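Working through the structure, step by step
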Amino acid sequence: MDCLSSDEEISFVMEQPTPSEETLEGIQTLITNYKITCDQLVQEQNDLAIIISNSKKMTQDCRKRSIKLAKSLQEDKQSHQEQMDSEMVRQNMLSQEEFKLMKEIQDVEAALTEEEADYEHLREQTDVFTSVPDKMVVFKGKTADPGNVQMFDMTSRIVYPMQEGTALITFEEEEVAKRILSMKKHQVKLDDECHITMEAQPVQLMLPRLVEIHSEVCPQRILISNLPKMDIETLLSRLQIHFHKARNGGGEVEHCEFLPDSGTVVLTFLENHIAKGLTDLEFHDIELQKKKHTVRVTPFLNGNIVNLETKMMVCPRTVLLTGIPQVEHDSLQDLVEIHFQRSGNGGGELEAFLYNPLGQHTTALFESIAPKKGSSKL
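Residues numbered from 1 in each chain as written. Predicted model: local features only at pLDDT ≥ 70, side-chain atom pairs only at ≥ 80, totals over all residues. Heavy atoms only, no water.

**Concerning the environment of Glu-199**
Note the following rule: Strands here are runs of E lasting at least two residues and helices are runs of H or I lasting at least four, both read from the DSSP assignment and numbered beginning at the N terminus. Any two residues having at least one pair of non-hydrogen atoms within 4.5 Å are treated as being in contact. Pairs of N or O atoms within 3.5 Å make up the polar contacts considered here, provided that, within protein, one atom can donate a hydrogen while the other can accept it, and that residues adjacent in sequence are counted only when both atoms are side-chain atoms.
Summarising the element assignment, Glu-199 is placed in strand β4 (residues 195–225). Sequence separation between Glu-199 and Leu-181 is 18 residues, and the spatial gap between their C-alpha atoms is 8.6 Å. Residues in contact with Glu-199, not counting those within four places in the same chain, are Lys-184, Lys-185, Leu-320, Leu-321 and Thr-322. Separated by 3.5 Å, the side chains of Glu-199 and Lys-185 make a polar contact.

Here it is, written out as structure tokens:
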């Protein structure tokens, strides 16, 4: 027999007896239990329907929210792409602007370099012009108002090669030359039975209209001034010997030339670096005529024609006679001159006459006349 302690709790459950299905009471109890179970199932079904409805609603809300989020994401993506495109365009524009600015900077630097080179060249030219040989001049003119300044005239000298069997005639009056040219054909009588026919043509001369000369310092030449009056050959020899010596800053001399119009001497060295050192020193003591003499050494300028524009001009008083045959006649030139002096032949007073027979080569020299602009004479 088991003993139970006082600490243990003992409970007795009285199991209800299950009514028998064979009795009416048992059947009613079963029906009641089934109704309770059915009500519970119906309640559960209703709860489940509510849960399903809520889930469907939640699903719809989630779908709507997902669509909205997808649309917003697409819009953000499109906006981002537009911003990227805009930034790319801006970046390209900035790159082009940077390239353009770099090109402008390079152009400005190139122009600045060129300007600096021009400035250096002009500074060198200025230094040269300020160190030209001194020349004493005496003013013997008259002062006048600035508005009444006398202009300078330039005399042209043009060498004109003549063709064989031609002659040039310069008349004193332009009208005579025009008349001779208008008649064109002229018959010059040599004797009673013989005459020759020649043709009068205008003389076309090429004259310079614009001449631009670029001058620069010659690296091999120097100009020596302040020289004493002495024998030219001795002077050139002494200068060549002095500037040939290295201790005098010189070098090997290629050529030495005296310029009579200015009384200066041009010395040419074989090497380029000699002249600069001599011109920087400028004044040199040389033994001339058995005593020390100070000469001045300045740079020598070379001039190059960089631009030449010409124009054609017709000599107003000179006529060209062509077609003169070879005639064995001692006084042919005199007969031609006499023919064109006679007013009956349309001629007038002659100022110059030049004849170039067949088989010979002759050149004519034309000079302009200052009082009559555009006129020229032989």
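**Focus: helix α2 (residues 174–183)**
Rules: Buried residues are those whose accessible area, probed at 1.4 Å on protein chains only, stays under 20% of the maximum for their type, while exposed residues exceed 50% and partly exposed ones sit between those limits. Within this analysis, the arc is defined by the directions that extend from the helix axis to the C-beta atoms.
Val-176, Ala-177 and Ile-180 are the residues of α2 that are buried. In an axial view of α2, the angular spread of the buried residues amounts to 100 degrees, which keeps them on one side of the axis. Looking at α2, the residues exposed on the side facing more than 90 degrees away from the buried face are Glu-175 and Ser-182. Those residues of α2 hidden inside the fold are in contact with β2 (166–171), β3 (185–189), β4, β8 (291–322) and α5 (332–341). One or two residues past the end of α2 sits Lys-184, with phi positive at roughly 65 degrees.

**Side note on unusual backbone geometry**
Of note in the backbone geometry, Lys-184 takes a positive phi value of approximately 65 degrees without being a glycine. By the secondary structure assignment, Lys-184 is in the loop between α2 and β3. On the basis of relative accessibility, which here comes to 44%, the residue Lys-184 falls in the partly exposed class. Look at Asn-226: it is not a glycine, yet its phi comes out positive at around 60 degrees. When you line up the elements, Asn-226 lands in the loop between β4 and α3 (232–244).

**Let's talk about the confidence of the model for the chain**
Rules: Confidence scores per residue from the predictor, reported as pLDDT, run from 0 to 100.
For the chain, per-residue confidence averages 84 on the pLDDT scale, and 83% of positions sit at 70 or higher. Confidence over residues 1–15 falls short of pLDDT 50; this stretch has one contact with residues more than four positions distant or in other chains.

**Side note on the pattern of salt bridges**
Two side chains that carry opposite charge are able to pair once their charged atoms sit near each other. Here is the rule we go by: Salt bridge, as applied in this entry: a Lys or Arg side-chain nitrogen positioned within 4 Å of an Asp or Glu carboxyl oxygen.
Within the structure shown, the criterion is met by eight salt bridges. Among the salt bridges present, the one from Arg-296 reaches Glu-282, with a minimum N-O distance of 2.7 Å. Here the residue Arg-296 occupies a position in strand β8, and Glu-282 occupies one in the loop between α4 (274–281) and β7 (283–288), the gap between them amounting to 14 residues. In this structure, the salt-bridge partner of Glu-351 is Arg-317, at a minimum N-O distance of 3.0 Å.

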